[in-house]
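# Geometric and topological summary
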Amino acid sequence: MSELHELSLKALAKALQSKAVSARETSEHFLKRAKAHTTLKPAANPFQAPQHLGDPSHSSGAFVSFNEAFTLELADQSDLRIAQGTARRLEGVPIAHKDIFVTQHFPTTAGSKMLDGYCSPFDATVVTQLQDEGMVNLGKLNCDEFAMGSANENSAWGPVKNPWDNTRVAGGSSGGSAAAVALGLCPAATGTDTGGSIRQPASFCGITGIKPTYGRASRYGMIAYASSLDQAGPMAKTAEDCALLLSAMCGGDPDRDSTSLDLPKEDFSRDLHEPIKGLRIGIPKEFFSDGLHAEVRQSIELALKELEALGAKLVPIELPKTELSIPVYYILAPAEASSNLSRFDGVKFGYRTKEYKDLDELYRKTRTEGFGEEVKKRIMIGTYVLSHGYYDAYYLQAQKIRRMISNDFQEAFKNCDLIAGPVTPQVAWKIGEQNTDPLANYLADIFTLPASLAGLPAMSMPCGLGASNMPVGLQLIGNYLGESRLLNVAHQFQMATDWHQKVPGASK
Amino acid sequence: MSANLIHGYEVVIGFETHTQLTTRSKIFSRAATAFGAEPNTQACAVDLALPGTLPVMNRQAVERAIQFGLAVGGHVSPLSIFARKNYFYPDLPKGYQISQFEIPVVQGGEVEFFLGQEKKTVRLVRAHLEEDAGKSLHEDFVDQSGIDLNRAGTPLLEIVTEPDMRSSAEAVAYAKELHKIVTWIGICDGNMQEGSFRCDANVSIRRPGEALGTRREIKNLNSFKFMQQAIDFEILWQIEQLEEGHKIIQSTVLFNPDTGETKAMRTKEDSADYRYFPDPDLPPLVVASAWVDDVRAHMAELPRAMAARFVKDYGIPEYDAITLTQTQAMAHYFESVAKASSQPKMASNWIMGELSRKLNAAHLGFEACPLSALTLAAMLSRIADATLSNNAAKVVLEAVWDLSPDGLEPLAWIDRVIDQKGLKQINDTKALEVIIDGVLSANADQVEQIKAGKDKAFNALIGQVMKASQGKANPKDVNDLLRAKIAAL
Amino acid sequence: MPLTSQEIQKIASLAKLDLNPSQEERMLGQINAFFEIVEQIKSVDTSSVAPLSHPLATIQEVSLRLREDRVSESNQRELNQKSAPEVQKGLFLVPKVIES
């Protein structure tokens, strides 16, 4: 049998159920690998010496916290259940969580100094749901501060390095999740997607990730960035693995989240093996504009040919408001964020500045010192667009264009069953490269933002390696609640290709 | 509008009232709303705005709002929106308050009440749902405040009026009527000491016919007494300012019960840019008409409707009807007495008069009235059939007030008391003539005066006759007979 | 029109953030650059379009879910205040709040 970290999540679950390997061995194996790739730099005191858990040169920056005792305790419970024949669907399979999900047994920082050492009194619903399926929590994963970023360079924990080239970014905001899976530090991870934060890092790191329909997964315990856009989703090696995880993560949370949909749990694996013959795949011409880098265009076009070979029909469609999705998103998300982040004021929890003469100074210094640059910038933008006299021109206008963008998709879906295109215009860029031009990060989100604004399910799967030998991701966008169809197409593609099996040298 | 000007100024008052709704759990969380718990023991993760928490709306709070809307004849909006009001304050855990801004759940409506004998109507602009804030405690800390978030998230209905009131008396009368309505329908416990019913008064003055003057808002008036004092002080202060040629600056003021003065609060520099926007955590609140109908069907008869019915069914004056519907207990007491005695007006007089006086003296409400409605009804029927004079009836009332009828039927009991006390009215003319003749012969000189036209003397004689009859004589009979006899002399 | 130094400071004060001169300059530059790409939304005719708050409102009516009025949260003060900066007698402490 090949190494545990080379197995798909499905295969690993099978090995555990059949007692071929114990949950403890499994967790120990992944903990060992994870720690070997980890250097912990405490968020709040960057001057404190970094804590090397492994060879610094191998540090990926993916993991930010462990609780070995707790992890192994869960693993032992899984072994007991397996022995007793009461094993659950994913019994003993390790998973790590983006540090934006609050957890009782691990600190939760959201990549911010503001939450250094924060201990949540409760677990996020998604974390509980996966644990209830028998999954073992390995630790927490790095991300852009409060999920704001497209490169995972805005974290108080430092950047996450791309497993394929550690001079490049892993993507963001779920960069730690993507890198950890690509490196085989955990068989699967959770992520969150507000404007592309699952799809883009998945694409940059060569793994598979899906953002379900807005409202599918509970947002309770997911530290809010932009409430009307945030969605949780799984990140793993294959579409089949994602389907298993998504089935566990979805199903409404009526008692805790008013935006979660009233839908029963669903088996998203049910359609995986359906043939895709005759399937109409819409190709938005706006996704193939001049901004698209040649190496990406090439891989995408080959992937589309592959889908045609599998019997799908490619139909040209239009999403005319694609370009507008950038200003619309960067008005709406910061507006909601500026309000969502007001609770971080140094009064009830988290960071508080050391010296202050009055309440106002307590607020100002705490927030000025606690938040990073990008977060402050978005709070400023959001505060501005909501302020007196500007609301109608910016926020309200953006909400209206948001509906137009949404309607464009409904128009398009009259002529196709799902939409395919690139996830990003380019492959992972060099760390620090775009810090000089902050707008470039925003523009790079152009292909992921439309589906986010419309709340549609969308995913990314590996479909090639560019000239720079960096992964390229194919994006699939489905209509509302069409996740199983998306996963079906992705699985059929992965049955016929091996891009999803390519792993970076660093993972060996 | 009424023309009671002060130094030539017309007073204009509008109200904003925060009523805490009677729900077990908070508006957006499952923590208890009970008053007086240890600090922060009733503030759950959602109330503390811990990272990752989200609001989930309490159905009962919405139902309370619907009940109020129906009670004041307002429009219950089929769709309303929760918005975020953004500002930083330690007692506001999220850094924003969830409230309703553009589309409130209740729109319009009015509150009617009597100011003395004059009927007043105050129009409501809106009533909207929102969450209460926590409390800052300043005692027992040096240079610091302690924040208790138990109250944070308690459901509030904020009720906003048009600037329809023209005097502090009218404002207080409105507040009392509103208090009556919300407690009558049971959506608020009305406890003003505990802050369940908090009023803000917007006060401005103007010369008659002029446009509205600049208003100052007096915050947190939590007693009717202070309300009157605060508004009166504020009115005189504003008049003084204008008379001295100053301008009124729009501001928020607090009333200090110790000094009896209102004083402007320090305004924060970046004052009020609340950046309202629809709360993305809460989809629109939809209230189906079926729900409104159902609430209407289960609602207790409202004071206004009950008063109207009293006027129609019992033929009592509207003023009586309004007074009798101050509380459910009083209204029900009246109705049972009126039914049992079939003497509605007499019942109304006795309940608003003698009984209210005695109960007030004993600090009792009608729900605790020691005298049963049926006993009172029996007594009234004895007045009606002329067995008792009004004065004698008062004696009977005293006698039976807090005694038990020891097994007797009310009427039998009343009759026994009348006999025991010998209070039966003399309706037998013969006996009366004997008394009158006696009095006349004993007061020949006064008879002369009367004949000379001095009617004062006549009243004196009536008094004598009544005295001689130990109050049992029927005053009307005495009057008639006496006149006849004197005329015959 | 680009934001002025005054406006940026007003926004910072609303957001309870401090900006020293160099941060202010950087922030101004970045935000103004951003608003250049934002301006294009003003030319879009949205006169006949309703704003979209919950994405699924595109295809169905989304209305607020209401819960029954039940108390299920017990006292968790200990746990909830575990990460509080300053607590005394169960109260969160802040510099004196001046009321008037």
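Let me begin by describing the structure that accompanies this report. Each chain carries its own residue numbering, running from 1 in the written order of its sequence. By the order in which they are written, chains take letters starting at A while ligands take numbers starting at 1. Under the rules for a predicted model, residues below a pLDDT of 70 receive no local features and side-chain atom pairs below 80 are neither given nor counted, while totals for whole chains, interfaces and linings still include all residues. In computing side-chain properties, one takes all heavy atoms of the structure into account and sets aside hydrogens as well as water.

## Considering the packing of aromatic side chains
- Two aromatic rings, drawn from Phe, Tyr or Trp (for Trp, its six-membered ring), form a pair once their centres lie within 6.5 Å of each other, and the interplanar angle then sorts them: stacked below 30 degrees, edge-to-face above 60, tilted otherwise. Scanning all chains against the criterion turns up 35 aromatic pairs over all chains.
- Residues A:Phe344 and A:Phe349 carry aromatic rings whose centres are separated by 5.7 Å and whose planes lie at 80° to one another, so their mutual orientation is edge-to-face.
- What makes A:Phe349 buried here is its relative accessible area of 2%.
- Taking 5.7 Å as the distance between ring centres and 50° as the angle between the ring planes, the aromatic pair formed by B:Phe226 and B:Phe255 counts as tilted. A residue pair is termed long-range when its members are at least 10 positions apart, and B:Phe226 in helix α3 (residues 224-243) and B:Phe255 in strand β15 (residues 251-256) qualify at 29 residues.
- For each residue, the accessible area found with a 1.4 Å probe, counting protein chains only, is set against the maximum for its type, and the residue is called buried under 20%, exposed over 50%, and partly exposed in between. You can call B:Phe226 partly exposed: its relative accessible area is 22%.
- Ring-pair connections join several aromatic residues into one group, and the members of that group are A:Tyr329, A:Tyr330, A:Tyr384, A:Tyr390, A:Tyr394, A:Tyr442, C:Phe34 and C:Phe35.
- Over the face of the ring belonging to B:Tyr9 we find B:Arg207, whose NZ or CZ atom lies 4.0 Å from the ring centre.
- Sitting above the plane of the B:Trp237 ring, B:Arg216 keeps its charged end 3.8 Å from the centroid. A helix here means a DSSP run of H or I that spans at least four residues, while a strand means a run of E at least two residues long, and both kinds are numbered starting from the N terminus. A ring is considered to have a charge above it if a Lys NZ or an Arg CZ atom is located within 6 Å of its centre and within 35 degrees of its normal.

## Concerning the pattern of salt bridges
- By salt bridge we mean one thing: a side-chain nitrogen of Lys or Arg within 4 Å of a carboxyl oxygen of Asp or Glu. Counted under the stated rule, the structure contains 68 salt bridges over all chains.
- The partner of A:Arg256 in a salt bridge is C:Glu73, with the nearest N and O atoms 3.4 Å apart. In this pair, A:Arg256 is assigned in the loop between α7 (239-249) and β11 (280-284) and C:Glu73 in the loop between β1 (66-67) and α3 (77-80), connecting two distinct chains.
- Overall, the relative accessible area of 28% leaves A:Arg256 in the partly exposed class.

## Notes on the interface of chain C and chain B
- If you look at the interface, chain C gives 37 residues, while chain B gives 54 residues.
- Interface of chain C and chain B: buried area, both sides summed, is about 4000 Å²; carbon and sulfur atoms make up 57% of it.
- Summed over both partners, the accessible area lost on bringing two parts together, with a 1.4 Å probe, is the buried area. Considering only the surface of chain C that becomes buried against chain B, C:Leu64, C:Arg67 and C:Asp69 emerge as the three largest contributors, covering 20% of it.
- Our count for the contact surface shared by chain C and chain B stands at two salt bridges.
- A salt bridge links C:Asp69 to B:Arg24; its shortest N-O distance comes to 3.9 Å.
- Side-chain atoms alone can form a polar contact between residues adjacent in sequence; in general such a contact is a pair of N or O atoms within 3.5 Å, and within protein one must be able to donate a hydrogen while the other accepts it. Across the chain C-chain B interface, the total number found is 22 residue pairs in polar contact (both at pLDDT 80 or more).
- Among the secondary structure elements, those contributing two or more residues to the side of chain C that touches chain B are α1 (5-14), β1, α3 and β3 (91-95) of chain C.
- Top element by residues in the side of chain C that touches chain B is β3(C). It accounts for five residues.
- Two strands pair under a simple rule: DSSP has to find at least two bridges between them. Sheet analysis places strand β11 (residues 144-148) of chain B next to β3(C), joined by four bridges and oriented antiparallel. When the bridges of β3(C) are listed, B:Ser145 appears paired with C:Val94. Whether two residues are in contact is decided by their heavy atoms, any of which lying within 4.5 Å being enough.

## With respect to the nonpolar core
- We define a nonpolar core as any set of buried Ala, Val, Leu, Ile, Met, Phe, Trp, Tyr and Cys residues linked to one another through side-chain atoms lying within 4.5 Å. In this structure, A:Phe63, A:Phe146, A:Leu474, A:Leu476 and A:Leu487 are the most contacted members of the largest nonpolar core, which totals 204 residues.
- With nine residues, the top contributor of residues to this core is helix α9 (residues 325-340) of chain A.

## Section: the sheet that holds strand β17 (residues 277-278) of chain B
All names here are of chain B.
- Ordered by their spatial adjacency, three strands build an open sheet running β6-β5-β17, and the pairing between neighbours is antiparallel. Among the strands making up the open sheet, the edge pair consists of β6 (96-100) and β17.
- In this sheet, β17 lies alongside strand β5 (residues 82-86) in antiparallel orientation, the contact comprising two bridges. Looking at the pairing, Ala 83 lines up with Pro 278 of β17.

## Notes on the pairing of β5(B)
All names here are of chain B.
- The buried fraction of β5 is high, at five of five residues.
- Neither face of β5 is open: one carries Phe 82, Arg 84 and Asn 86, the other Ala 83 and Lys 85, and all of them are buried.
- Here β5 runs beside β6; their pairing, made up of five bridges, is antiparallel. Counterpart to Phe 82 in the pairing with β6 is Gln 100.

## So, the environment of C:Glu24
Residue and element names in this part refer to chain C.
- Mapped onto the fold, Glu 24 is located in helix α2 (residues 21-38).
- In this structure Glu 24 comes out as buried when scored by relative accessible area, which is 14%.
- Linking Glu 24 and Ile 8, residues 16 residues apart in sequence, is a C-alpha distance of 7.4 Å.
- Non-local contacts of Glu 24, meaning those with residues more than four positions away in its chain, are made with Ser 5, Ile 8, Gln 9 and Leu 19.
- A polar contact of 2.6 Å, which involves the side chain of Glu 24, links it to the side chain of Gln 9.

## Things to note about the packing of helix α9 (residues 373-384) of chain B against helix α11 (residues 410-421) of chain B
Residues and elements named next belong to chain B.
- With axes taken as lines fitted to C-alpha atoms, and helix axes fitted only over the stretch in contact, angles between N-to-C directions fall between 0 and 180 degrees. It is the contact of α9 with α11, at a shortest axis distance of 8 Å, that shows an interaxial angle of 55°. Classified by the angle between their axes, α9 and α11 sit oblique to one another. Between α9 and α11 lies a crossing whose hand is right-handed. Between α9, through Leu 374, Thr 375, Ala 378, Met 379, Ser 381 and Arg 382, and α11, the contact on the second element is made entirely by Pro 410, Leu 411, Trp 413, Ile 414, Asp 415 and Ile 418.
- Residues are grouped as follows: Ala, Val, Leu, Ile, Met, Phe, Trp, Tyr, Cys and Pro are nonpolar; Asp, Glu, Lys and Arg are charged; every other residue, Gly included, is polar. Residues that form the contact of α9 with α11 fall into these classes: eight nonpolar, two polar and two charged. Convention used here: angles under 35 degrees read as roughly parallel, angles over 145 as roughly antiparallel, angles from 65 to 115 as roughly perpendicular, and any remaining angle as oblique. The hand of a helix crossing depends on one turn: near helix anticlockwise from the far one by less than a right angle means left-handed, and clockwise means right-handed.

## What to know about the environment of B:Ala171
Residues and elements named next belong to chain B.
- When you line up the elements, Ala 171 lands in helix α2 (residues 168-184).
- You can call Ala 171 buried: its relative accessible area is 0%.
- Separated by 56 residues in sequence, Ala 171 and Leu 115 have C-alpha atoms that sit 9.7 Å apart.
- In contact with Ala 171, not counting residues within four places along its chain, are Ile 13, Phe 15, Met 165 and Ile 231.

## Regarding the interface of chain A and chain C
- Across the boundary between the two partners, chain A contributes 69 residues, which contact 56 residues of chain C.
- Across the interface of chain A and chain C, roughly 5600 Å² is buried in total on both sides, 67% from carbon and sulfur atoms.
- A salt bridge links A:Asp360 to C:Lys16, with the shortest nitrogen-to-oxygen separation between them at 2.6 Å.
- Summed over the shared surface of chain A and chain C, the number is 25 residue pairs in polar contact (both at pLDDT 80 or more).
- Among the elements of the structure, α9, α10 (359-370), α11 (373-386), α12 (392-412), α13 (438-443) and α14 (449-454) of chain A are those that each provide at least two residues to the side of chain A that touches chain C.

Functional significance is not addressed by these values, which are geometric in nature.
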